[in-house]
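# Notes for the structure review
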Amino acid sequence: MKAKGQPTPIGIDLHHADWLDAVATLAPASIDLLYADLPFATGSTKRTPPNAKRAGRTVNASYADTFAGSDGFIGWLRPRLLATLPALRPTACILLHLDWRTCHHARLLLDDLLGPACFVNHLIWSYGLGGSSPRRFARKHDDILFYARTPGKHYFDPPRVPTTSNLLRGKSKKMTDVLAIASINNMARERTGYPTQKPLALLDVLVRACSPTGGTVLDPCCGSGTTLVAATLAGRKGIGIDRSAQAIAVARKRIREARPASTTGVPKRGKQPGRA
Ligand SMILES: C[S@@+](CC[C@H](N)C(=O)[O-])C[C@H]1O[C@@H](n2cnc3c(N)ncnc32)[C@H](O)[C@@H]1O
């Protein structure tokens, strides 16, 4: 079902639907980048954090993040990925955003569906914040699995960041597979209150690196629409799907308000994103 209400800007298409149903409507070989920030199978319902409410955010949203173990999670993901493959261009990139709970299961699934030769990177999003424990190393990163639709044929434009060397001051270098980008602080302007919202700076790096200008980015679990805002600002087209009506409403509002990069704090190419 196409979302009702105000239209979104030209080039962005929002679907209030289950991922599985909405991808059946996509044109074959039309997507340059599939980025999915999946439910993490935490076993709980994710809600707008109380501190976001205290900071004046009016969004009050939630989504269920429960599956019957890892089999239940993979049983949910497999048919959705399979149904999406025909919509991907031969040069498409696939980015699955997960964490320690399901990343290893999802990697085996991708090897199975696409073939191990399609593996490109296991990216680490190092975000700094998070709980520590006296019993283990602090868990302060998410995992992003990067696969190509066709081995060796995917689009890629390596992100660049400033060098830290005094000798090379003012120069940039290619970014590594560790993306050190701060998570969104509670008072940040971009914070909507939607649970598990990802920083625009992270999506800016991924969208620019893994899709061409004018290409089409698909986010089938789009939540508050971060990927679609990044696509808008980077001159890509976008398709967002979410089964939550609250998510689609927040995403539509954000996309309509999206401003050029210079006024949003999104780093331009060659500038370093917020450090963790
Ligand atoms: C981790 S959140 C995405 C957050 C998003 N990246 C952001 O920055 O706001 C996962 C989203 O997946 C959605 N979702 C879960 N199952 C879905 C399904 N079967 N089809 C479509 N969306 C789904 C949830 O409603 C939730 O908004």
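Moving on to the overall build of the protein chain. What the protein chain contains, in helices and strands, is seven helices and twelve strands. Taken over 276 residues, the protein chain has a buried fraction of 42%. Pairs at least 24 apart in sequence give 73% of the contacts found in the protein chain among residues at least 6 apart.

Within the fold, Gly193 resides in the loop between β10 (178-180) and α5 (200-210). On the basis of neighbour counts, which here come to 22 C-beta atoms within 10 Å, the residue Gly193 falls in the buried class. Note: C-alpha distance between Gly193 and Asn51 (142 residues apart in sequence) is 8.9 Å.

In this section: the nonpolar core. Among the nonpolar cores identified, the biggest contains 66 residues, and Leu33, Leu34, Leu95 and Leu206 are the most heavily contacted of them. Considering each element in turn, this core owes the most residues, nine residues, to α5. Here Leu206 is in contact with Tyr35 and Leu95, once residues within four sequence places are set aside.

Taken in spatial order, the eight strands line up as β1-β12-β11-β2-β5-β7-β6-β10 in an open sheet, and their pairing is mixed. This sheet does not close on itself; its edge strands, each paired only once, are β1 (12-16) and β10. Adjacent strand axes in the sheet meet at a mean angle of 15°, parallel and antiparallel pairs treated alike. Relative to strand β11 (residues 216-219), strand β2 (residues 31-37) runs parallel, the two being bridged by two bridges. Within β11, the position partnered with Leu34 by the bridge is Leu218. Lying over the sheet, helix α4 (residues 103-114) contacts β5 (88-98) and β7 (141-148), oriented at roughly 5° with respect to β7.

Attention now goes to the pairing of strand β6 (residues 119-126). Pairing analysis gives seven bridges linking β6 to β7, with the strands arranged antiparallel. The partner of Trp125 across the bridge, within β7, is Asp142. The sheet contact formed by β6 and β10 spans three bridges and is parallel. Counterpart to Ser126 in the pairing with β10 is Ala180.

A separate point is unusual backbone geometry. With a phi close to 50°, Ala29 is a non-glycine residue in the positive phi region. For Ala29, the location among the structural elements is in the loop between α1 (19-22) and β2. The class for Ala29 is partly exposed, based on 13 C-beta atoms found within 10 Å. The phi dihedral of Thr196 falls on the positive side, at around 60°, and the residue is not glycine. Among the structural elements, Thr196 can be located in the loop between β10 and α5.

Let us now look at the site of the ligand. Around the ligand sit 19 residues, and of these Asp37, Cys221, Gly223, Ser224 and Thr226 come closest. Residues that form the shell around the ligand fall into these classes: eight nonpolar, six polar and five charged.

Relative to the helices and strands, Leu129 resides in the loop between β6 and β7. On the neighbour-count criterion, Leu129 (11 C-beta atoms within 10 Å) is exposed. Along the sequence, Leu129 and Arg139 sit ten residues apart, while their C-alpha atoms lie 8.9 Å from each other.

Moving on: α5. Within α5, eleven of the eleven residues are buried, which leaves the element mostly enclosed by the surrounding structure. For α5, the set of buried residues is Leu200, Ala201, Leu202, Leu203, Asp204, Val205, Leu206, Val207, Arg208, Ala209 and Cys210. Close packing links the buried residues of α5 with β2, β5, β6, β10, β11 and α6 (226-233).

What follows covers the packing of α6 against helix α7 (residues 245-257). Direction vectors running N to C along α6 and α7 enclose 20°, while the axes themselves pass 9 Å from each other. Classified by the interaxial angle, the pair formed by α6 and α7 is roughly parallel. Considering how the two elements wind past one another, α6 and α7 form a crossing that is right-handed. Residue-level contacts link Leu228, Val229 and Thr232 of α6 to Ala251, Arg254 and Ile255 of α7. Residues of the contact of α6 with α7, tallied by class, amount to four nonpolar, one polar and one charged.

A few words now on the confidence of the model for the protein chain. Low-confidence regions, as indicated by low pLDDT, have predicted coordinates that should not be scrutinised in detail. On average, residues of the protein chain score 89 in pLDDT, and 88% of them reach the 70 mark or higher. Throughout residues 260-276 the model reports pLDDT below 50, and contacts reaching past four residues in sequence, or to other chains, amount to 36 contacts.

Cut-offs applied
- Residues numbered from 1 in each chain as written.
- Predicted model: local features only at pLDDT ≥ 70, side-chain atom pairs only at ≥ 80, totals over all residues.
- Helix = DSSP H or I, 4+ residues; strand = E, 2+ residues; numbered from the N terminus.
- Buried ≥ 20, exposed ≤ 12 C-beta atoms within 10 Å, placed from the backbone.
- Contact = placed C-beta atoms within 7 Å.
- Core = buried A, V, L, I, M, F, W, Y, C linked by C-beta atoms within 7 Å.
- Pairing = 2+ DSSP bridges.
- Axes fitted to C-alpha atoms, helices over the stretch in contact; angles between N-to-C directions.
- Near = placed C-beta within 6 Å.
- Nonpolar A, V, L, I, M, F, W, Y, C, P; charged D, E, K, R; others polar.
- Parallel < 35°, antiparallel > 145°, perpendicular 65-115°, else oblique.
- Left-handed = near helix turned anticlockwise from the far one by under 90°.
- pLDDT = per-residue confidence, 0-100.

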